[in-house]
Amino acid sequence: MAILEVSRRGFKKNYQTINEAVANAINGDTIVLNKDSYVLDSPINITTSVTIKSANPDQIVTINTSSRQSGFIMQANLQGNVTFENINLVCAEQSVGIQSLSESVRLKLVHCNLTHSQENWYPALVARAASLTLTSSNVDSLNVVANRFVATFASLGDYFGQCVGSFNQESIVQSQHVVLESVGMQNLSLIGLSINVSDSTKVVKSTANLEYVTLGANVLFSEMNYKLNHVRLCALPMLMHNSKPSAALLGNTVSSLILSANANVTMSDVSVITDVKESVPRFRAFAIQNSTATLNVKMSQLNSANSPSVVTGGTIMFENVADANDWTIQGDLKTSNRNSQSNLFKVVQHKTDGSVADRTDTKSSLEKLDELTGLTPVKERVKQLVATAKVNAMRKARGVKSNNDVALHMCFLGDPGTGKTTVARLVGQALYEEGVLKSTKFVEARQADLVGQHLGETAPKTRALVESALDGILFIDEAYELGPDLTGGSNADAFNAEAVTELIAQMDNHKDRLVVIMAGYTQDMLNFMRNGNPGLRSRINNMIEFPNYSLIEMKKILRYQLKKTNTRVASRQTVALLDRGLEQLVPKTGKGGGNGRFIRNYVQKIDELRDLRLSNSPNFESLTNRQLEVANEQDVKEAVKILDEQFEIMR
């Protein structure tokens, strides 16, 4: 291993040019540059392991390439280490500064800058390598395929991304293993390599660990597991040159973090830098572009960018996150919320399969609860429980001890049609929005869904039902059917008891992932709780009674139901007739008469009679759209008469 001097007179191994020194180097030699700057007239082919560095460790040597010429080229047969130290490599038009053709080389840049003298360029660094390590270095554009990529105190990518020729327009790093610390990135795609090992079926998932990272305009993550800690999202991070790019060069909209296919990104301590008004008209923090992408953000305060984040699919999970960004959802999305607040959870509506459909409704679940007619004591109690659960979740996340670990399991008492199922759904949504539950999963069940028909079937059946509701709500309607038969005439008591015992065990096993809400007639439910398994009574201690609606409330619900079914009334006289019919029928409905279910039946009967009248019209084909919607006085009178006769028969 020898030291080869360039431009140092009087030294034995002194060479006039860098090319001459490299041509005479053998494995392990160090080439020392003694001038402040050099110009490369032709490419320098590197075929041995060498280090090229400045003679003065405190001084940067500038090397300029020539137009349409590569600077340094590592040939395909090269094996070993190539290191550049304290080098400022300036690339001319359509010039690559460093190019590696060897998949076996281990390339290192220490205190180096690879930049361009013009805006019309090829990447400054193009490499196929075993590994690439950047330390305290800036590379304004790069195209890298390496098994291992490490960057520390570095800046990667450019703001303009205007590479020409056969290269992609943005910088690309493809690697099996990535480690980044204190790195700024912009216009960069970070993509994982899938490498088969041991057999043709096993695939090693690429990994990336990033610490103290600044993500600027348009950084794309794909095909890799990423773990990021201490992250800044912004449109304009640190620049390798002093001037800021214009909005015309950046485009009208930039996204800081873009997730593409199979990107699994976990981030913590994330902040959004929002001071981009002058340079970028629209800046958004996130853009998720693929259904296989996953974003998991923890322990972060996300200020609002000036444009909504965009989601076309995938999964988003927030844990202990306060997010002020707006969101636009254009496809199916799965979400998880743990003790987080975000507009994201207010603009999504879960389907039965757990995915999410786009909607424009941004009201919270508690706001929707307030809009329900009546139920004042129910609303107050539900808000108390949600508030307690929210604060307890915050205490737990911060490690604050609390003696107030309140169980959220509930018992809804009341007649059918008093809003128990509706409120239960809103409870689940509210607990999800406040980060207490991970999803808005809502599983409805009856006694038959827990109890098997044969010996040994009940416990597994109950267990499976509970598991299907984990991270959400298990709503058991008419739950009193799980109680003992006090008349002694039933053989199902043993199966019911087994179901309740298994349910209690599962409630204990999953106390942080499950809320059970039981519902039914008031007296039947009270008997069930008093005479059934005492363990159930001790775990479900939130008893909420749903009162029947008053006549005034019933009239409000009637108007809501007419609007919901798009049923118009012909005149004020028809409205008065509707109210009188309600007053006449409600007292005859018997147990549970004062409820919303009767209103639905009332409006349905009116609609049926209207449709019968219209179908017999001689001018049926010429009916207007309004005529198809309007119910008249005769429709209402006939509906009241038919329902009154039905109630008389059933008395």
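Keep in mind that this is a model prediction, so the values were computed, not measured.

A. Looking closely at the environment of valine 105. For valine 105, the position within the fold is in strand β12 (residues 105-110). Given a relative accessible area of 0%, valine 105 falls into the buried group. In this structure, valine 105 is in contact with Met74, Leu78, Gly80, Val82, Ser100, Arg128, Ala129, Ala130 and Ser131, ignoring residues within four places of it in sequence.

B. Broad picture of the sheet that holds strand β35 (residues 410-413). An order of β36-β37-β38-β35-β39 is seen for the five strands of this open sheet, with the pairing classed as parallel. Looking along the sheet, the strands with just one partner apiece sit at the ends: β36 (442-445) and β39 (542-545). The average undirected angle you get between the axes of adjacent strands in this sheet is 20°. Two strands pair when backbone bridges link them, and β35 and β39 are joined in this way by four bridges, in the parallel orientation. Bridge pairing in β39 places leucine 413 opposite glutamate 545.

C. Looking closely at the pairing of strand β27 (residues 294-302). Bridge count for strand β25 (residues 263-272) against β27 is six bridges, and the pairing is parallel. Pairing of methionine 267 across the sheet is with valine 297, part of β27. Sheet topology note: the β27/strand β29 (residues 315-323) ladder contains eight bridges and is parallel. Counted as the bridge partner of lysine 298 is glutamate 319 from β29.

D. Region of the structure containing the confidence of the model for the protein chain. Counting all residues, the mean pLDDT for the protein chain is 83, and 85% of those residues have values of 70 or more. In this model residues 195-204 is a low-confidence stretch, pLDDT under 50, and it forms 13 contacts with partners more than four residues away in sequence or in other chains.

E. The nonpolar core, seen in detail. Judged by nonpolar contacts, the single largest core of 91 residues is most densely connected at Ile46, Phe72, Phe84, Leu125, Phe149, Met185 and Phe221. Sort the elements by how many residues they give to this core and strand β16 (residues 142-156) lands first, with seven residues. Not counting residues up to four positions away in its chain, the partners in contact with phenylalanine 221 are Met185, Leu190, Leu210, Leu215, Tyr226, Leu228, Leu257, Ile258, Leu259, Ser260, Ala263 and Val265. Core analysis: the next-biggest nonpolar cluster, separate from the first, contains 48 residues, Leu408, Leu431, Phe442 and Leu643 among them.

F. Seen up close, the packing of aromatic side chains. Per the stated rule, a full pass over the model turns up 10 aromatic pairs. An angle of 25° between the planes, with centres 5.7 Å apart, marks the rings of phenylalanine 442 and phenylalanine 475 as stacked. Here the residue phenylalanine 442 occupies a position in strand β36, and phenylalanine 475 occupies one in strand β37 (residues 472-477), the gap between them amounting to 33 residues. What makes phenylalanine 442 buried here is its relative accessible area of 17%.

G. Seen up close, the packing of helix α12 (residues 572-585) against helix α13 (residues 596-615). Put simply, α12 and α13 touch, their axes get as near as 12 Å, and they point 130° apart. The pairing of α12 with α13 is recorded here as oblique in orientation. The element α12 and its partner α13 pack so that their crossing is right-handed. Counting all contacts with α12, which are made through Leu577, Leu578, Gly581, Leu582 and Leu585, the residues of α13 involved are Phe598, Ile599, Tyr602 and Ile606. Residue composition of the contact of α12 with α13, by class: eight nonpolar, one polar and no charged.

H. Local environment of the environment of threonine 48. Mapped onto the secondary structure, threonine 48 falls in the loop between β5 (44-46) and β6 (50-54). Sequence-distant contacts of threonine 48, that is, excluding residues within four places in its chain, are made with Ala25, Ile26, Asn27, Leu78 and Val82.

I. Summary view of the packing of helix α7 (residues 458-468) against helix α8 (residues 493-509). α8 packs onto α7 with a crossing angle of 40° between their chain directions and a minimal axis gap of 9 Å. The orientation of α7 relative to α8 falls into the category oblique. α7 and α8 meet at a crossing whose hand is right-handed. For the pair α7 and α8, the contacting residues are Thr458, Ala459, Thr462, Arg463 and Val466 in the first and Phe495, Glu498, Ala499, Glu502, Leu503 and Gln506 in the second. Taken together, the residues of the contact of α7 with α8 sort by class into five nonpolar, three polar and three charged.

The rules behind each value
Residues numbered from 1 in each chain as written. Predicted model: local features only at pLDDT ≥ 70, side-chain atom pairs only at ≥ 80, totals over all residues. Heavy atoms only, no water. Helix = DSSP H or I, 4+ residues; strand = E, 2+ residues; numbered from the N terminus. Buried < 20%, exposed > 50% of the residue type's maximum accessible area, 1.4 Å probe, protein only. Contact = heavy atoms within 4.5 Å. Pairing = 2+ DSSP bridges. Axes fitted to C-alpha atoms, helices over the stretch in contact; angles between N-to-C directions. pLDDT = per-residue confidence, 0-100. Core = buried A, V, L, I, M, F, W, Y, C linked by side-chain atoms within 4.5 Å. Phe/Tyr/Trp six-rings, centres within 6.5 Å; stacked < 30°, edge-to-face > 60°. Parallel < 35°, antiparallel > 145°, perpendicular 65-115°, else oblique. Left-handed = near helix turned anticlockwise from the far one by under 90°. Nonpolar A, V, L, I, M, F, W, Y, C, P; charged D, E, K, R; others polar.

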